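# Examination of the molecular architecture
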Amino acid sequence: MLKRTLYSLAIVALIAGCSSGTKLNDTPVVDSTGGTGQGSGSGGAASGVAPVTIDPNAQNAAGPVGVARIVYFDYDSYTVKPDYQAVIDGHARFLKANAQRRISIEGHTDERGGREYNLALGQKRSEAVRRALTLLGVNDNQIEAVSFGKEKPAAQGSGESVWAQNRRAEITYR
């Protein structure tokens, strides 16, 4: 009996130790009024992105010209920040004007956290960008959302400046 109780307590402690404060089921998309479905943490990369005016006909093999293809996220978050609304808008306009084009959104995380958690967080990041695009009228059949977790870092090393570069979703045109 004591052995079973100790075993049960060890499992509970293991599960509690692996938990995170991130609510992976909240909707992290910024609405058109600028509100969010979830608060964002501090830190991050490339804030203050300037609005972009796009000609939907201006394109190359990689998609719209003059539009960034990376959305960065705060630590332990998958909320699309208002700083990246112009990026999302630019891709949405391009994809709606070019219904034959397809994209892949690749979710990434920094090196902190376990493999499974980072894969789930990377998927939530790619799905958040996908949801933002579909809310702007992009056909869901044009978008594939995948996660690489921490497996494909943009920058090597450790420290906040490196980690911030790795917390991202990349848009790739196919």
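These numbers were taken from a predicted model, which means no experiment stands behind them.

## A word on the side chain of His 91
Position of His 91 among the secondary structure elements: in helix H2 (residues 85–97). Judged by its relative accessible area of 0%, His 91 falls in the buried class. Reaching out from His 91, the side chain makes a polar contact with the backbone oxygen of Ala 68 at a distance of 2.7 Å. Beyond its immediate chain neighbours, meaning those up to four positions away, His 91 contacts Pro 64, Val 67, Ala 68, Arg 69, Leu 133, Ile 171 and Tyr 173.

## What to know about the sheet that holds strand S5 (residues 143–149)
On the basis of which strands lie adjacent, the open sheet formed by four strands has the order S3-S6-S4-S5 and mixed pairing. In this open sheet, the two strands that pair with only one neighbour each are strand S3 (70–72) and S5. With strand direction ignored, the average angle separating the axes of adjacent strands in the sheet is 20°. Where S3 and strand S6 (residues 168–173) come together, three bridges link them in antiparallel fashion. Its bridge partner lying in S6, Ile 70 is registered against Glu 170. Here helix H3 (residues 115–135) sits on the sheet and contacts S3, strand S4 (103–108), S5 and S6; the angle it forms with S5, its principal contact strand, is near 155°.

## Details of the packing of H2 against H3
Following both chains from N to C, one finds H2 and H3 inclined at 60°, their axes separated by 9 Å at the closest point. The orientation of H2 relative to H3 falls into the category oblique. The handedness of the crossing between H2 and H3 is right-handed. Contacts between H2 and H3 involve Ile 88, His 91 and Ala 92 from the former and Val 129, Ala 132 and Leu 133 from the latter.

Cut-offs used in this document
Residues numbered from 1 in each chain as written. Predicted model: local features only at pLDDT ≥ 70, side-chain atom pairs only at ≥ 80, totals over all residues. Heavy atoms only, no water. Helix = DSSP H or I, 4+ residues; strand = E, 2+ residues; numbered from the N terminus. Buried < 20%, exposed > 50% of the residue type's maximum accessible area, 1.4 Å probe, protein only. Polar contact = N/O pair within 3.5 Å; in protein donor to acceptor, adjacent residues only side chain to side chain. Contact = heavy atoms within 4.5 Å. Pairing = 2+ DSSP bridges. Axes fitted to C-alpha atoms, helices over the stretch in contact; angles between N-to-C directions. Parallel < 35°, antiparallel > 145°, perpendicular 65-115°, else oblique. Left-handed = near helix turned anticlockwise from the far one by under 90°.

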